[in-house]
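Take a look at the letters that make up each chain.
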Amino acid sequence: MKKRLLLLLAGLMVIFALAACGTKSQESVVKELDGTLNDLKSYKAKAKMTLQMGTEPQVYEVEIWHKDPSFYRVNLKNAQKDQSQMILRNEEGVFVLTPALNKSFRFQSDWPKNSSQAYLYESLITDILEDKQAKFSATKNHYVFETKTRYQNNKMLPIQEIKLNKKNLSPVSVKVMDPDRNSLVTVEFSEVKFDASFDKDAFDMKKNMTRVQLEVPVMADVNDKAFTVKYPMAEIPGVTLVDEKEITTENGKRVVLTYEGSDKSFTLVQEKADAMPAMSSPINVTGHPVDLGFTIGAMTETSISWTHLGVDYMLASADLSPEELEMVAKSVVADMEK
């Protein structure tokens, strides 16, 4: 019996030793990722993004196109709510398209550099390369990294788990977590095609607006629908809601929420968005695009504005830091009410 036990232990040690020999070290995988990033010319990917920032998860279909050096096309679609938005980068600048409202906005921005983007492969590699304290593990089919994020407001979402396919280092999934390690953003990749080819107008703004409007028609009755007032769930210490004012406008109502504290205050304005009668020239926007998870907003030093489900939002404050502005805006989720 004792001899059998010793043979079993010896066999297990051999198996573990062979498994260890077949697994690359963290240093070798990081070096390989660095080479992959340098050689990356283009790719197409599809993913499912789930946001857990409200009482009910919000699920988006994400289609990503990238062509070296700086062309991007990211289409976010919430099929259940018939909502679509696209962020596009070409030689003319960075555009945010809202097809249901016939609107396009143009930024002079360096997006997507200098910040984490959970659905962009090269951004994930950069997160791994820049975090010298990244944790590493391996399973039968995957390499798993746990890294710090590079969000402006990384206090809200400081950690992420990035899972890569062992065969070709393609992305498998990303979990972006809060300080308590709750997954608030999950991206699951279903298709990744490297060295993808594109038509010459693949990143053209007008062509893309037309394409996405075939999937999500313009909201002709946008002004006929009432909207529910939403309240930010993020808490700024000492700041509370002190006033809620409803103003009648030509298109319905405008709601102004005023929050005040001893040191900080902010205002959140909400009103029904206007759909343009026909696609016009892009609206030039001061500031830079900011990914709020459920939509893309425009951020300046003192404000963030965005459109979600046919409602325009504008958050303004002279007291909040950019990180606090972003945190409050991200917490105004579609299914959360006071």
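Residues numbered from 1 in each chain as written. Predicted model: local features only at pLDDT ≥ 70, side-chain atom pairs only at ≥ 80, totals over all residues. Heavy atoms only, no water.

Draft legend 1. Molecular detail of a negative patch on the surface. A cluster of acidic residues, Asp243, Glu244, Glu246 and Glu260, forms a negative patch at the surface. The greatest single-element share of the negative patch, amounting to 3 residues, is contributed by strand β12 (residues 240–249). Position of glutamate 244 among the secondary structure elements: in strand β12. (Patch = residues over 30% accessible without salt bridge, like charges linked within 9 Å, V, L, I, M, F, W, Y side chains within 5 Å. Areas by Shrake-Rupley, 256 points an atom, 1.4 Å probe, with all protein chains shown as cover. Salt bridge = Lys/Arg side-chain N within 4 Å of Asp/Glu carboxyl O. Lys, Arg positive; Asp, Glu negative; His and termini not counted. Charge placed at Lys NZ, Arg CZ, Asp CG, Glu CD. Helix = DSSP H or I, 4+ residues; strand = E, 2+ residues; numbered from the N terminus.)

Draft legend 2. Spatial organisation of the confidence of the model for the chain. With 86% of its residues at a pLDDT of 70 or more, the chain has an overall mean of 86. Residue range residues 14–21 is modelled with pLDDT below 50. Its contacts to residues more than four positions away, or to other chains, number 0 contacts. (pLDDT = per-residue confidence, 0-100. Contact = heavy atoms within 4.5 Å.)

Draft legend 3. Quick look at helix α3 (residues 121–130). Judged by how many residues are buried, α3 sits mostly within the fold: 9 of 10 residues are covered. Inspection of α3 places Tyr121, Glu122, Ser123, Leu124, Ile125, Thr126, Asp127, Ile128 and Leu129 among the buried residues, and these make up the whole buried set. (Buried < 20%, exposed > 50% of the residue type's maximum accessible area, 1.4 Å probe, protein only.)

Draft legend 4. Just the sheet that holds strand β17 (residues 296–299), in detail. Here 7 strands make up an open sheet; going across it, the order is β12-β13-β14-β19-β18-β17-β16 and the pairing antiparallel. Two strands close off the open sheet at either side, each with one partner strand: β12 and β16 (288–291). Between one strand axis and the next, the sheet turns through 20° on average, direction left out of account. Bridge analysis of β17 against strand β18 (residues 303–308) gives 2 bridges, and the strand direction is antiparallel. Across the sheet, the residue bridging to methionine 299 is isoleucine 304, located in β18. Across the face of the sheet, helix α5 (residues 322–330) comes into contact with β14 (265–272), β16, β17, β18 and β19 (311–316) while running at roughly 20° to β18. (Pairing = 2+ DSSP bridges. Axes fitted to C-alpha atoms, helices over the stretch in contact; angles between N-to-C directions.)

Draft legend 5. Region of interest: the packing of aromatic side chains. One pass over the structure, following the stated rule, counts 11 aromatic pairs. Between tyrosine 43 and tyrosine 121, the aromatic rings sit 6.3 Å apart at their centres with planes inclined by 90°, giving edge-to-face as the arrangement. One end of the pair, tyrosine 43, is in strand β1 (residues 42–51); the other, tyrosine 121, is in helix α3, and 78 residues separate them in sequence. Classification of tyrosine 121 by relative accessible area gives buried; the value is 2%. Each residue in the set Trp65, Phe71, Phe198 and Phe203 is aromatic and connected to the rest through ring pairs, giving one cluster. Above the ring of tryptophan 65, the side-chain terminus of arginine 73 is found at 4.0 Å from the ring centroid. It is lysine 253 that lies over the ring of phenylalanine 227; its NZ or CZ is 4.9 Å from the centre. (Phe/Tyr/Trp six-rings, centres within 6.5 Å; stacked < 30°, edge-to-face > 60°. Lys NZ or Arg CZ within 6 Å of the ring centre and 35° of its normal.)

Draft legend 6. Helix α4 (residues 205–215), seen in detail. Those residues of α4 that sit buried are Met205, Asn208, Met209, Val212 and Gln213. Burial along α4 is one-sided: seen end-on, the buried residues are contained in an arc of 135°. Along α4, exposed side chains directed more than 90 degrees from the buried face belong to Lys206 and Leu214. Of the surrounding secondary structure, the elements contacted by the buried residues of α4 are β3 (71–78), β4 (83–90), β5 (93–98) and β6 (103–107). The backbone nitrogen of lysine 206 has a side-chain oxygen 3.2 Å away, supplied by the residue at the start of α4, namely aspartate 204. (Arc of directions from axis to C-beta. Polar contact = N/O pair within 3.5 Å; in protein donor to acceptor, adjacent residues only side chain to side chain.)

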